[in-house]
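# Overview (structure and organization)
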Amino acid sequence: MTNHIQYETHSEQETLAFASSLSPMLSAGDAVLLEGDLGAGKSVLARGIARGMGIEGPMPSPTFTLMIPYEANGHRLYHFDLYRLSDPDEYYAAGLDEFVGGDGVAVVEWPGMAELDPEPALHILIERGAGDDTRRFTIENRGVAGYAPRTLTRWRCDDAE
Ligand SMILES: Nc1ncnc2c1ncn2[C@@H]1O[C@H](COP(=O)(O)OP(=O)(O)OP(=O)(O)O)[C@@H](O)[C@H]1O
Ligand SMILES: [Mg+2]
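Residues numbered from 1 in each chain as written. Chains lettered and ligands numbered in written order. Predicted model: local features only at pLDDT ≥ 70, side-chain atom pairs only at ≥ 80, totals over all residues.

Following both chains from N to C, one finds helix α1 (residues 12-22) and helix α2 (residues 42-52) inclined at 50°, their axes separated by 7 Å at the closest point. With respect to each other, α1 and α2 are oriented oblique. Every pair of crossing elements has a handedness; the one defined by α1 and α2 is right-handed. Residues E12, T15, L16, F18, A19, S20, S21 and L22 of α1 lie in contact with α2, whose contacting residues are V44, L45, R47, G48, I49, R51 and G52. When the residues that make up the contact of α1 with α2 are grouped by side-chain class, the tally is 7 nonpolar, 5 polar and 3 charged. (Axes fitted to C-alpha atoms, helices over the stretch in contact; angles between N-to-C directions. Helix = DSSP H or I, 4+ residues; strand = E, 2+ residues; numbered from the N terminus. Parallel < 35°, antiparallel > 145°, perpendicular 65-115°, else oblique. Left-handed = near helix turned anticlockwise from the far one by under 90°. Contact = placed C-beta atoms within 7 Å. Nonpolar A, V, L, I, M, F, W, Y, C, P; charged D, E, K, R; others polar.)

Listed below in structure tokens is the structure:
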């Protein structure tokens, strides 16, 4: 199915490169929703997107602060980790909804904790593969205008259409 494309990487470094290739496809107002178990690679993917946007330096986990903002070259990225959210109301009470579909790219770990379903968004499911360091990424695009799967063919692992 052309709107559920699968990609595979075999190391953290390769995921960083794959994620950096997504950065130029993303514009302010786009969201990237990351689904996957603990340790799947959501934070690695978020870091790769940030690096691709020119954001350098450490990226501590937003687990307790829920969101950390970054900025480089006039581009903003909001990195969310909603794992510790007790319920969706807390997300709205904290005013976090302002940063999804706003003036930057929102990259969200555990979006289900706030029942988030924004558009435009790339939905990325991360699953473990055969080897310890194998990760499979299933991307579904819901309205991100710049998404260009052709530039990601080197990581593609399903049968090309
Ligand atoms: N191909 C790969 N891509 C990404 N990470 C990999 C890969 N192979 C191994 N890893 C390792 O898997 C781990 C991924 O951790 P990461 O913090 O990104 O997970 P997470 O999905 O954000 O988990 P959490 O839900 O706890 O936030 C890292 O230790 C990383 O080195
Ligand atoms: Mg994480």
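One ladder, built from 5 bridges, connects strand β1 (residues 5-9) with strand β7 (residues 135-142); its direction is antiparallel. In the strand pairing of β7, T9 is matched with R135. By the bridge criterion, 8 bridges tie strand β6 (residues 121-128) to β7 in an arrangement that is antiparallel. Paired with A121 across the two strands is R142, which belongs to β7. As consecutive antiparallel partners, β6 and β7 are separated by 6 residues. (Pairing = 2+ DSSP bridges.)

Along an α-helix, residues three or four positions apart point the same way, because every turn accommodates 3.6 residues. For α2, a buried count of 9 out of 11 residues is recorded, marking the element as mostly surrounded by other parts of the structure. Buried residues along α2 sit in contact with α1, β2 (31-35), β3 (67-72), β4 (75-81), β5 (105-109) and β6. (Buried ≥ 20, exposed ≤ 12 C-beta atoms within 10 Å, placed from the backbone.)

Turning our eyes to something else, we now look at the site of ligand 1. In the vicinity of ligand 1 there are 17 residues, among which T15, G41, K42, S43 and D133 approach most closely. Those elements that place two or more of their residues in the shell around ligand 1 are α1 and α2. The residue inventory of the shell around ligand 1, partitioned by class, reads 3 nonpolar, 8 polar and 6 charged. (Near = placed C-beta within 6 Å.)

With that out of the way, let us pick up the environment of T138. Mapped onto the secondary structure, T138 falls in strand β7. Placed 13 residues apart in sequence, T138 and L125 show a C-alpha to C-alpha distance of 5.1 Å.

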